[in-house]
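Residue strings, one per chain:
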Amino acid sequence: QVQLVESGGGLVQAGGSLRLSCAASISIDSIALMAWYRQAPGKERERVAFIGSTATSYADSVKGRFTISRDNAKNTVYLQMNSLKPEDAAVYYCNSFPAKYDWGQGTQVTVSS
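All of the points below concern the structure found in this document. (Residues numbered from 1 in each chain as written. Predicted model: local features only at pLDDT ≥ 70, side-chain atom pairs only at ≥ 80, totals over all residues. Heavy atoms only, no water.)

Scanning the protein from terminus to terminus reveals 0 helices and 10 strands. Traced from its N-terminal end to its C-terminal end, the protein shows the element sequence β-β-β-β-β-β-β-β-β-β. Counting only C-alpha atoms and orienting by the principal axes, one finds that the protein spans roughly 40 × 25 × 20 Å. Counting all 113 residues of the protein, 42% fall into the buried class. A separation threshold of at least 6 residues defines the contact pool for the protein, and within that pool the share at least 24 residues apart is 54%. As displayed, the protein has an accessible area near 5,800 Å², and 48% of this comes from carbon and sulfur atoms. Measuring between centres, the 11 positive side-chain charges of the protein sit 3 Å from its 9 negative side-chain charges. (Helix = DSSP H or I, 4+ residues; strand = E, 2+ residues; numbered from the N terminus. Buried < 20%, exposed > 50% of the residue type's maximum accessible area, 1.4 Å probe, protein only. Contact = heavy atoms within 4.5 Å. Areas by Shrake-Rupley, 256 points an atom, 1.4 Å probe, with all protein chains shown as cover. Lys, Arg positive; Asp, Glu negative; His and termini not counted. Charge placed at Lys NZ, Arg CZ, Asp CG, Glu CD.)

Structurally, Ser21 can be placed in strand β3 (residues 18-24). For Ser21, a relative accessible area of 17% translates into the label buried. Here Ser21 is in contact with Val5, Glu6, Ser7, Trp36, Thr76, Val77 and Tyr78, once residues within four sequence places are set aside.

In this section: the side chain of Ser96. Within the fold, Ser96 resides in strand β9 (residues 90-96). For Ser96, a relative accessible area of 2% puts it in the buried group. When near neighbours in sequence (up to four residues on either side) are disregarded, Ser96 contacts Ile31, Leu33, Met34, Ala35, Tyr37 and Tyr101.

Attention now moves to the state of the cysteines. Tallied over the entire structure, the rule returns 1 disulfide. Paired through a disulfide, Cys22 and Cys94 show a sulfur-sulfur distance of 1.7 Å. Across the disulfide from Cys22 to Cys94, rotation about the S-S bond amounts to roughly 55°, and the bridge is consequently right-handed. Of this pair, Cys22 sits in strand β3 while Cys94 sits in strand β9, and the two are 72 residues apart along the sequence. In this structure, Cys22 and Cys94 share a single accessibility class: buried. (Disulfide = S-S within 2.5 Å.)

With 29 residues, the main nonpolar core has Trp36, Val48, Phe66, Ile68, Leu79, Met81 and Tyr92 as its most contacted residues. Every element with two or more residues in this core is listed here: β3, β4 (34-39), β5 (46-51), β7 (66-71), β8 (76-81), β9 and β10 (107-112). Non-local contacts of Leu79, meaning those with residues more than four positions away in its chain, are made with Leu18, Arg19, Leu20, Trp36, Val48, Phe66, Thr67, Ile68 and Tyr92. (Core = buried A, V, L, I, M, F, W, Y, C linked by side-chain atoms within 4.5 Å.)

Attention now goes to the sheet that holds β9. The 6 strands are arranged β2-β10-β9-β4-β5-β6 in an open sheet whose pairing can be described as mixed. Every interior strand has two partners, whereas the edge strands, β2 (10-13) and β6 (56-58), have only one. Averaged over all adjacent pairs, the angle separating strand axes in this sheet is 25°, with direction ignored. In the sheet, β9 pairs with β10 via 3 bridges, with the strands oriented antiparallel. Each bridged residue has a counterpart across the sheet, and for Val91 the counterpart in β10 is Gln108. (Pairing = 2+ DSSP bridges. Axes fitted to C-alpha atoms, helices over the stretch in contact; angles between N-to-C directions.)

Bear in mind that shape data such as this cannot, by itself, settle questions of function.
Listed below in structure tokens is the structure:
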């Protein structure tokens with residue numbers, strides 16, 4: 001059983017920044033691909049970004065604005081979000097890619113205009 005705990009969300013104005021963290025209960029060194037997902041009300045959950053050992057991949061909607069990173073020693077994955085837009089508002093979750101573990105509570109990101 002893997003526990004994933006997201007944090008760092010909040011309310012930010014358009015153009016602002018947030019840094020999300022995902023703490024895992026196991027060594028993420030054993031998880032080849034870690035990812036961030038988001039889900040807005042009434043919409044399907046979508047993948048935002050994923051990271052291997054060093055290589056990263058991003059959804060077109062966030063390219064150039066978001067950066068995913070991992071610290072295996074801390075069993076933590078991060079998502080630096082810059083130049084936030086109202087369309088980025090959602091609950092953000094972390095998981096493997098493809099998602100294999102129970103979803104955590106997520107962290108709410110609200111972007112005001």
